[in-house]
Amino acid sequence: MELKDKLISSFFAFEEQVDVNNDVHQLRTKAIKDFETIGFPRKKEEDWKYTSLNSILKEDYSLFPKKESAIDYNDVKKYFIHDIDTYCIVFIDGIYSSQLSNTTHDKIDACLMSSALHSPKYKAIIDNYFDKITPKDSGLNALNTAFSKEGAFINIPKNTMADRPIQILNFSTGSEAALMVQPRNLIVVGENSHVQIIERHQSLTENPVLTNSVTEIYAEKRAQLDYYKIQNDKGSASLIDSTYVEQKQESFCSVHTFSFGGKLVRNNLQFFQRGERIDSTMKGITITEGKQHIDHNTLVHHIEPNCESHQDYKGIYGDKSTGVFNGKVLVEKEAQKTNAFQSNNNILVSDKATINSKPQLEIFADDVKCSHGCTIGQLDEEAMFYLKTRGIPAKEARALLMYAFANNVLDSVKIPEIKQRINKLIANKLNVNLGFDL
Amino acid sequence: MLKIKNLHASVEGKEILKGINLEINAGEVHAIMGPNGSGKSTLASVIAGKEEYEQTKGEIILEDEEISELEADERAHKGVFMSFQYPVEIPGVSVTNFMKTAINETRKAQGLEDMPAKEMLKKIREKSELLEIDRKFLSRSLNEGFSGGEKKRNEIFQMAMLEPKLSILDETDSGLDIDALRIVSNGVNKLRSKDNAVVVITHYQRLLDYIVPDHVHVLLDGRIVRSGGKELAHKLEEQGYDWIKEEVKVEG
Ligand SMILES: Nc1ncnc2c1ncn2[C@@H]1O[C@H](COP(=O)(O)OP(=O)(O)OP(=O)(O)O)[C@@H](O)[C@H]1O
Ligand SMILES: [Mg+2]
């Protein structure tokens, strides 16, 4: 059976696992119908021109794991940012793991979507925010909404600083021959509140995994959110991550996406600015090898005046890998005095690697400052020679130059342990030890 | 220490070095002078192992070993160092981290463990003091936004850190102010020993007042056409190259 049909027919089985007598379930039933109509994205759609899901949709995925698997913390400790205090919301094969998690309801809520969806305490928040900004023309969003049940629920009330970063970890154990999971996260950052979030998807075996994740983020007035996505999964795991951010006036949101692993990774990242003096920042480092395919599809929707957006994506593509950067900046007529910056710089390390970089600026306001730049190049030969004359062999010299190329994206990372971790991942990915602590 | 025999080199099919012979012994300082475009930087780069330049004929022998086939980094491991006329900017790598990588890669090639962090810091402190380099400077990206003189001083700092056997300094004096020239020359002199050798490429006698050469060579159109003592540099300073060009024409 094709995956689409399998998903649709599994919806009845899914309904037996959830409370069907509430508003959320009405959204689900509508969403499964939408998915039936829209289906999976196809290459003839403009936004999917360079990314085909065909190869990953062919697998015979289990949709509900047959059993709950446990993991020993020591086996997965390395995937946590464990050298600082954090709250952790951990899922194993899509199922909440109380043993690995460290949730809280003290001043802030960092807990489970499944409980938030059904608890009267959070009804107002769910009514206000759940599924409000996910674009409805996307089959993948509809699919996720239809099966929305579990994920992270983070609620930072007004005037509150989250006392530690919150980690969302999704492990897959390989207990199923192939598994599809669909996490659904909701994050609400109240007025004047601050939070930092780290998200990671990690499969522990070579069994194929497909993750179709949807995250909605709401930043109220003057809220500040920093979100770090660490994508360093196995070569058998694919991820479609759709993250939507709605910001109110004077809020600041940054999303850093570090894409090193995975077979196929598609990041849909969209910001909607609903207020003045908003700052939206998106940064990314992508390093690929083999036949990896990593696609960044971004949108900043400037709706109101006096806002800023900053995009800085760096990519290093090796072997036969392919990259896509499709960055759209949409400035509405009312959004005067917008400052929108976008830059996408790429290095092709191999002549069989490809990058498709497509910046799109659609500007309807006349008094704006918008810039975009895209470069695709090779490593500088003179710089290579310079490093080699200092005794640095070609492989390390190449790595050092690549590291140097990507490195400034890390300047805006506010948690030093994450910076350190990413530096290590970069060094691993480039397969070098550069003789200093990156 | 270094013997160059009948060295020919071309770039993009154009012959630039047309038969260079040069012998440099440990403990010596050699100066190479010559008009713009005569091939001085090319000679330095060919010795350092730049692949872009094709060595079509001749031998480069470093301490009884023919090194023509070696990669630039392998030559560096054997003690060859070149201070660049135009040092390359490497944004995103600090001077300190760059030096750590360079030293540890060299040690690795020599079968040694990484230099202990403490020792490394001590060495960095010592050598930066020698060249009167501000500590803040060392955490900046390598050469990025450095002034011309700062770049040159930084080149000699790297030389001091790497302690090469053979140092080729390509126009290290250009861009240095008078005080910096003194500091940098003083640094080079402190690094000199009976076991290493220095080749200075320069247009000006001034540098040679500080780093006094044992031999001066004149490179003209890819050939060494005159060699002499330090008085040759004085003569060039006063009279320029025309007289040599004339003499060479007559001889030719
Ligand atoms: N990569 C290259 N491609 C083409 N020509 C080159 C290249 N490198 C050097 N040359 C040529 O070789 C000749 C010698 O250049 P080189 O840089 O060695 O001169 P130089 O003696 O160092 O001059 P200066 O005193 O100006 O530094 C010049 O004519 C130069 O244009
Ligand atoms: Mg030169």
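Residues numbered from 1 in each chain as written. Chains lettered and ligands numbered in written order. Predicted model: local features only at pLDDT ≥ 70, side-chain atom pairs only at ≥ 80, totals over all residues. Heavy atoms only, no water.

As recorded in an unreviewed UniProt entry, chain B goes by Fe-S cluster assembly ATPase SufC and comes from Mesonia profundi.

With an unreviewed UniProt entry as reference, chain A is termed Fe-S cluster assembly protein SufD, source organism Mesonia profundi. One UniProt comment on chain A, placed under Sequence similarities (unreviewed entry), says "Belongs to the iron-sulfur cluster assembly SufBD family." (UniProt positions renumbered as here; feature names shortened; annotations may be inferred.)

Draft legend 1. Structural detail: the UniProt feature "domain: SUF system FeS cluster assembly SufBD N-terminal" (unreviewed entry) in chain A. Mapped onto this numbering, the UniProt entry gives "domain: SUF system FeS cluster assembly SufBD N-terminal" (unreviewed entry) at residues 22-168 of chain A. From the first C-alpha to the last, residues 22-168 of chain A spans 26 Å; its make-up is 31% helix and 14% strand. (Helix = DSSP H or I, 4+ residues; strand = E, 2+ residues; numbered from the N terminus.)

Draft legend 2. Structural context of the side chain of Gln231(A). All names here are of chain A. Tracing the chain through its elements places Gln231 in strand β10 (residues 224-231). Owing to a relative accessible area of 5%, Gln231 belongs among the buried residues under this scheme. A distance of 2.8 Å separates a polar atom in the side chain of Gln231 from a polar atom in the side chain of Asn267. The contact partners of Gln231, leaving out residues within four places of it in the chain, are Leu239, Asp241, Thr257, Phe258, Ser259, Phe260, Gly261, Val265 and Asn267. (Buried < 20%, exposed > 50% of the residue type's maximum accessible area, 1.4 Å probe, protein only. Polar contact = N/O pair within 3.5 Å; in protein donor to acceptor, adjacent residues only side chain to side chain. Contact = heavy atoms within 4.5 Å.)

Draft legend 3. Expanded view of the UniProt feature "domain: ABC transporter" (unreviewed entry) in chain B. The positions UniProt marks with the feature "domain: ABC transporter" (unreviewed entry) are residues 2-246 of chain B. Helix makes up 40% of residues 2-246 of chain B and strand makes up 29%, while its end C-alpha atoms are separated by 30 Å.

Draft legend 4. Representation of the site of ligand 1. Residues and elements named next belong to chain B. Within the structure, ligand 1 sits among 17 residues, and Gly37, Lys40, Ser41, Thr42 and His203 are positioned closest to it. A distance of 2.7 Å separates an oxygen atom of ligand 1 from a polar atom in the side chain of Lys40. Take Gln85: an N or O atom from its side chain is 3.1 Å from an oxygen atom of ligand 1. Out of a free accessible area of 640 Å², ligand 1 has 69% covered by protein chains. (Near = heavy atom within 4 Å. Areas by Shrake-Rupley, 256 points an atom, 1.4 Å probe, with all protein chains shown as cover.)

Draft legend 5. Just unusual backbone geometry, in detail. Residues and elements named next belong to chain B. The phi angle at Asp64 is positive, at roughly 70°, despite the residue not being glycine. Positive phi is not limited to glycine here, since Glu132 has a value of about 50°. Counting through the fold element by element, Glu132 comes out in the loop between α4 (117-130) and α5 (135-138).

Draft legend 6. Region of interest: the sheet that holds strand β6 (residues 80-83) of chain B. Residue and element names in this part refer to chain B. The mixed open sheet is built from six strands, whose spatial order is β6-β9-β10-β3-β11-β12. Lying at the two open borders of the sheet, with one neighbouring strand each, are β6 and β12 (223-228). In this sheet, neighbouring strand axes are inclined to one another by 20° on average, regardless of whether the strands run parallel or antiparallel. Each of β3 (29-33), β6, β9 (166-170), β10 (197-201) and β11 (215-220) is contacted by helix α1 (residues 40-48), which is oriented at about 150° to β6, the strand it contacts most. Helix α10 (residues 242-251) rests against β11 and β12 of the sheet, and its axis sits at about 115° to β12. (Pairing = 2+ DSSP bridges. Axes fitted to C-alpha atoms, helices over the stretch in contact; angles between N-to-C directions.)

Draft legend 7. Region of interest: the packing of aromatic side chains. Under the defined criterion, the tally for this structure stands at 16 aromatic pairs over all chains. When the centroid spacing of 4.7 Å and the interplanar angle of 55° are considered together, the rings of Tyr129(A) and Tyr218(A) count as tilted. Of this pair, Tyr129(A) sits in helix α6 (residues 123-129) while Tyr218(A) is found in strand β9 (residues 209-219), placing the two residues 89 residues apart along the sequence. Each of the two residues, Tyr129(A) as well as Tyr218(A), counts as buried. Here the aromatic cluster, defined as three or more aromatic residues joined through ring pairs, consists of Phe11(A), Phe14(A), Phe64(A) and Phe147(A). The ring of Trp243(B) has Lys235(B) sitting right over it, with the charged end atom 3.8 Å from the ring centre. (Phe/Tyr/Trp six-rings, centres within 6.5 Å; stacked < 30°, edge-to-face > 60°. Lys NZ or Arg CZ within 6 Å of the ring centre and 35° of its normal.)

Draft legend 8. Looking closely at helix α3 (residues 95-109) of chain B. Residue and element names in this part refer to chain B. Here α3 contains 15 residues, and its C-alpha end-to-end distance of 21 Å stays within 8% of the 21 Å for a straight helix at 1.5 Å per residue. Of all the positions in α3, only Val95, Thr96, Phe98, Met99, Thr101, Ala102, Ile103, Asn104, Glu105, Thr106 and Arg107 are classed as buried. Gly111 sits one or two residues past α3 and shows a positive phi near 75°. (Expected span 1.5 Å × (residues − 1).)

Draft legend 9. Local environment of the UniProt feature "domain: SUF system FeS cluster assembly SufBD core" (unreviewed entry) in chain A. Within this numbering scheme, the UniProt entry marks residues 177-405 of chain A as carrying the feature "domain: SUF system FeS cluster assembly SufBD core" (unreviewed entry). The span residues 177-405 of chain A shows a helical share of 9% and a strand share of 60%, and its end C-alpha atoms are spaced 39 Å apart.

Draft legend 10. Structural context of the pattern of salt bridges. Residue and element names in this part refer to chain A. Under the definition given, this model contains 41 salt bridges over all chains. A salt bridge links Arg277 to Glu250; the nearest nitrogen and oxygen atoms lie 3.1 Å apart. Residue Arg277 is found in the loop between β13 (264-274) and β14 (279-288), and its partner Glu250 is found in the loop between β11 (237-248) and β12 (252-259); the two are separated by 27 residues along the sequence. For Glu250, a relative accessible area of 31% gives the class partly exposed. (Salt bridge = Lys/Arg side-chain N within 4 Å of Asp/Glu carboxyl O.)

Draft legend 11. Representation of the interface of chain B and chain A within the structure. Opposite the 36 residues of chain B that make contact, chain A presents 22 residues. Interface area, chain B with chain A, both sides summed: about 2,300 Å², of which 64% is carbon and sulfur. Put simply, chain B and chain A have five salt bridges between them. With a shortest N-O distance of 2.7 Å, Glu71(B) and Lys388(A) are connected by a salt bridge. Looking at the side of chain B that touches chain A, the elements with two or more residues in it are α1, α2 (72-77), β6, β7 (90-94), α3 and α6 (148-162) of chain B. Here the side of chain B that touches chain A gets nine residues from one element, more than from any other, and that element is α3(B). (Buried area = accessible area lost by both parts, 1.4 Å probe.)

Draft legend 12. Spotlight on the environment of Ser147(B). Residues and elements named next belong to chain B. Its location among the elements puts Ser147 in the loop between β8 (141-142) and α6. A relative accessible area of 37% places Ser147 in the partly exposed class. As a C-alpha pair, Ser147 and Gly175 span 28 residues in sequence and 8.5 Å in three-dimensional space.

Draft legend 13. Broad picture of the coordination of the magnesium ion (ligand 2). All names here are of chain B. Ligation of the magnesium ion (ligand 2) by protein atoms is provided by Ser41 (OG) and Gln85 (OE1), these donors lying 2.0 to 2.2 Å from the ion. In this pair, Ser41 is assigned in helix α1 and Gln85 in the loop between β6 and β7, connecting sequence segments 44 residues apart. Residue Gln85 is classed as buried on the basis of its relative accessible area, which comes to 16%. (Donors = N, O, S within 2.8 Å, 3.2 Å for Na, K, Ca; no water.)

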